[in-house]
Every structure is written in C-alpha cells, then in structure tokens.
Amino acid sequence: MNNWEYHGHQSSTWFQERYDDAANQVIEFFGGDFFTLTGRSVADIGCGDGIIDLGVAHKSLPSRLVGFDTTPTDPSLLLSLAHREGVAEELPACLHFVTSQEDRIPAEDDSFDYVFSWSAFEHVQHPAAVLEEIHRVLRPNGVLMVQVYPFFYSQHGSHLVHWYPDGFAQLLHSFDEIQDRIRSEPGAGPQRAEAAIAEYRKLNRITLDGLQEALRLGGFRVSKLEVIAGPIHIPAEISEIPLSMLAVEGAKLLAVPESRTPIPPVR
C-alpha cells in the first residue's frame, strides 16, 4: 500500500500541502541561511510519495534530486497526480527515486551537496545509523535539513488524530486500547485501520534532545533550529511528564558535518 492510499488523501489539499507548503518550507529554510538548491545535487531521505520532491524540483531547479525511501515510490502515480493538479505533463529530468534499505543509502560517498528529510525521522528505527549514512553521502561542505513533525510525546505524536482528535492517546491509553478503538472505528476501512496500527507501532519515540544526540553520533552538529510549538491543554494524568517533551510539537533544523565548512552562501 502506498502512502497516498494509506492516508486516504485522494484530494487536491493533500497534494498542495506537500507540493507547495512543504516544498516551499524546505527551500526557504535553506534559503534563510543563503543556501540555494538551484544547480545543486540534492537528496531527500524518506521521500514517500515524492510530491515534496516534485515541488522542490520545479521551484528550486536542482541539477539532480534523488528521493530515497524503504518503500518504492511510484513515478507513474506521482505523474498522474501532477497531471490532475495541472502542475506537470512529465516529471522533471533531474528527479529520480531509489529504494533504499533501512540503514543503507544506495549512493556513492560524497554524492550530494544538500540533503533534506521531511517528517520521516520519527519513523526511522535507527536514527544515528541513518545519519551516519547521510554523513557518508553528503559532500564535506554540504548541509543537512531535518524536519520532524510531530514528536511522539507531543499532543498528536501518535499520528492517530482521526481516532483521537483531542490528542495524547499514546500517553493516556495502552496499545491494546488504541488498537481496539482503531479497529472498532476504522473510518476509511479496515485496510486503513491496520496501516495506522502498523505505523503507530513503528514510531521511534524520538525527542528533540534524542534527535540532537543521534545527529552527534552521526557526525553532525546543529547550526540552526526552529522549534514548532503552540498552546496545549495538558491532561492531569500526564502532568508529571516534562513540559519540554509535551510542548515541542516538531522542529526544523540545519546541521553540518562536524569540523567541516558548509557550502559558501550565495548573497
């Protein structure tokens, strides 16, 4: 089952949120530090359905953009969606998709100027190992962008907002309770329910501090950080959990290989 089928987003909203909003945020977060993807070799780790990559390719014109994921990305499906949305008659020549292993990126050393990852690292089972691989394929003066949303301990960190719109299900209910509720209220159908359960089981529970430590072990240091947070109501049952875990919904960051100099900015 591909990501499009699992999420049930057979809508223009899902496409535009990724093609426009997410892709623009990737480009602007690099660009805010004067790093341009134009004409550069770029990789996306955890590319999913490839919609973000299509947006980045169209908007920033990299010389090469390779989307890596452990689940194969379907270019024909991506093209059909792009055609339906009126953004492309064919996929850009610079855009490619490659299936990777969980802890191995099938690319040569020093292959990419920039690497980004959008809403993927909360699913990665061995973050430090993957970051070591990113360090290997990133050129010595390269830059990595990581976006994580939502962190597991935040309000909607369970990724189950359809079933638990008030949030914090992962902290208030046992796995068996969550599983029973999803199966009794499958929403879009049993297939979606089982996919949601499987995704929930695989969440790695990484925190912002845990992500920093994984980056350090992978050979990176964080050079820029934007925390995503907003007002929340905290149930009494979880009031003893550190606020830094509950309140930080997500984060965007830039990281550079330790003791290396990033690509000179274009001003």
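Calculation criteria
- Residues numbered from 1 in each chain as written.
- Predicted model: local features only at pLDDT ≥ 70, side-chain atom pairs only at ≥ 80, totals over all residues.
- Heavy atoms only, no water.
- Phe/Tyr/Trp six-rings, centres within 6.5 Å; stacked < 30°, edge-to-face > 60°.
- Helix = DSSP H or I, 4+ residues; strand = E, 2+ residues; numbered from the N terminus.
- Buried < 20%, exposed > 50% of the residue type's maximum accessible area, 1.4 Å probe, protein only.
- Pairing = 2+ DSSP bridges.
- Axes fitted to C-alpha atoms, helices over the stretch in contact; angles between N-to-C directions.
- Salt bridge = Lys/Arg side-chain N within 4 Å of Asp/Glu carboxyl O.
- pLDDT = per-residue confidence, 0-100.
- Contact = heavy atoms within 4.5 Å.
- Polar contact = N/O pair within 3.5 Å; in protein donor to acceptor, adjacent residues only side chain to side chain.

### Things to note about the packing of aromatic side chains
And step 1. Evaluated as defined, the whole model comprises 7 aromatic pairs.
And step 2. Between the aromatic rings of F175 and Y200, the centroid separation amounts to 6.2 Å while the plane-to-plane angle is 5°, which identifies the pairing as stacked. Note that F175 is positioned in helix α7 (residues 175-184) and Y200 in helix α8 (residues 190-202), a separation of 25 residues in sequence.
And step 3. For F175, a relative accessible area of 26% puts it in the partly exposed group.
And step 4. Following the ring pairs from residue to residue traces out a cluster consisting of F152, Y153, F175 and Y200.

### Some thoughts on the sheet that holds strand β1 (residues 41-45)
And step 1. Taken together, 7 strands build an open sheet; the order of strands is β3-β2-β1-β4-β5-β7-β6 and the sheet is mixed. Every other strand in the sheet has two partners, leaving β3 (95-99) and β6 (220-229) as the edge strands with one partner each. Ignoring which end each strand starts from, the neighbouring axes of this sheet average 15° apart.
And step 2. Relative to strand β5 (residues 138-148), strand β4 (residues 112-118) runs parallel, the two sharing 6 bridges.

### A look at the pattern of salt bridges
And step 1. Applying the stated criterion to the full structure yields 11 salt bridges.
And step 2. With its nearest N and O atoms 3.5 Å apart, the salt bridge here joins D49 to R18. Placement of D49 in the loop between β1 and α3 (51-60) and of R18 in helix α2 (residues 12-31) is noted, with a sequence separation of 31 residues between them. Comparing D49 with R18 shows no difference in burial state: the two are buried.
And step 3. Its salt-bridge partner being R136, residue E133 comes within 2.9 Å of it at the nearest N-O pair. Pair noted here: E133 and R136 are both in helix α5 (residues 127-137), with a separation of 3 residues, about one helical turn.
And step 4. Overall, E133 belongs to the buried group, its relative accessible area being 9%.
And step 5. Overall, the relative accessible area of 17% leaves R136 in the buried class.
And step 6. Each of R104, D109, E133 and R136 takes part in a single network of salt bridges with overlapping partners.

### A look at the confidence of the model for the chain
And step 1. The pLDDT averaged across the chain works out to 93; a share of 92% of its residues lies at or above 70.
And step 2. Across residues 1-9 the pLDDT falls below 50, and counting only partners more than four positions away or on other chains, this stretch makes 24 contacts in the model.

### Examining unusual backbone geometry
One can expect most non-glycine residues to show negative phi and most peptide bonds to be in trans.
And step 1. In this structure, the amide linkage connecting Y149 to the following residue, P150, adopts the cis form with an omega of -5°.
And step 2. Here P150 lies in the loop between β5 and α6 (169-172).
And step 3. Even without glycine at this site, D110 takes up a positive phi of about 55°.
And step 4. Relative to the elements of secondary structure, D110 occurs in the loop between β3 and β4.
And step 5. Residues other than glycine seldom take positive phi values, yet F168 does so here, at roughly 60°.
And step 6. Here F168 lies in the loop between β5 and α6.
And step 7. Overall, F168 belongs to the buried group, its relative accessible area being 1%.

### Topic: the side chain of T73
And step 1. Summarising the element assignment, T73 is placed in the loop between β2 (64-69) and α4 (75-84).
And step 2. Setting aside residues up to four positions removed in sequence, T73 forms contacts with C47, G48, D49, G50 and F97.

### What about the side chain of S117?
And step 1. Tracing the backbone through its elements, the reader meets S117 in strand β4.
And step 2. Judged by its relative accessible area of 1%, S117 falls in the buried class.
And step 3. Within polar-contact distance, the side chain of S117 engages the backbone oxygen of I45 at 2.9 Å.
And step 4. Among all residues touching S117, those that are not within four sequence positions of it are D44, I45, M145, V146 and Q147.

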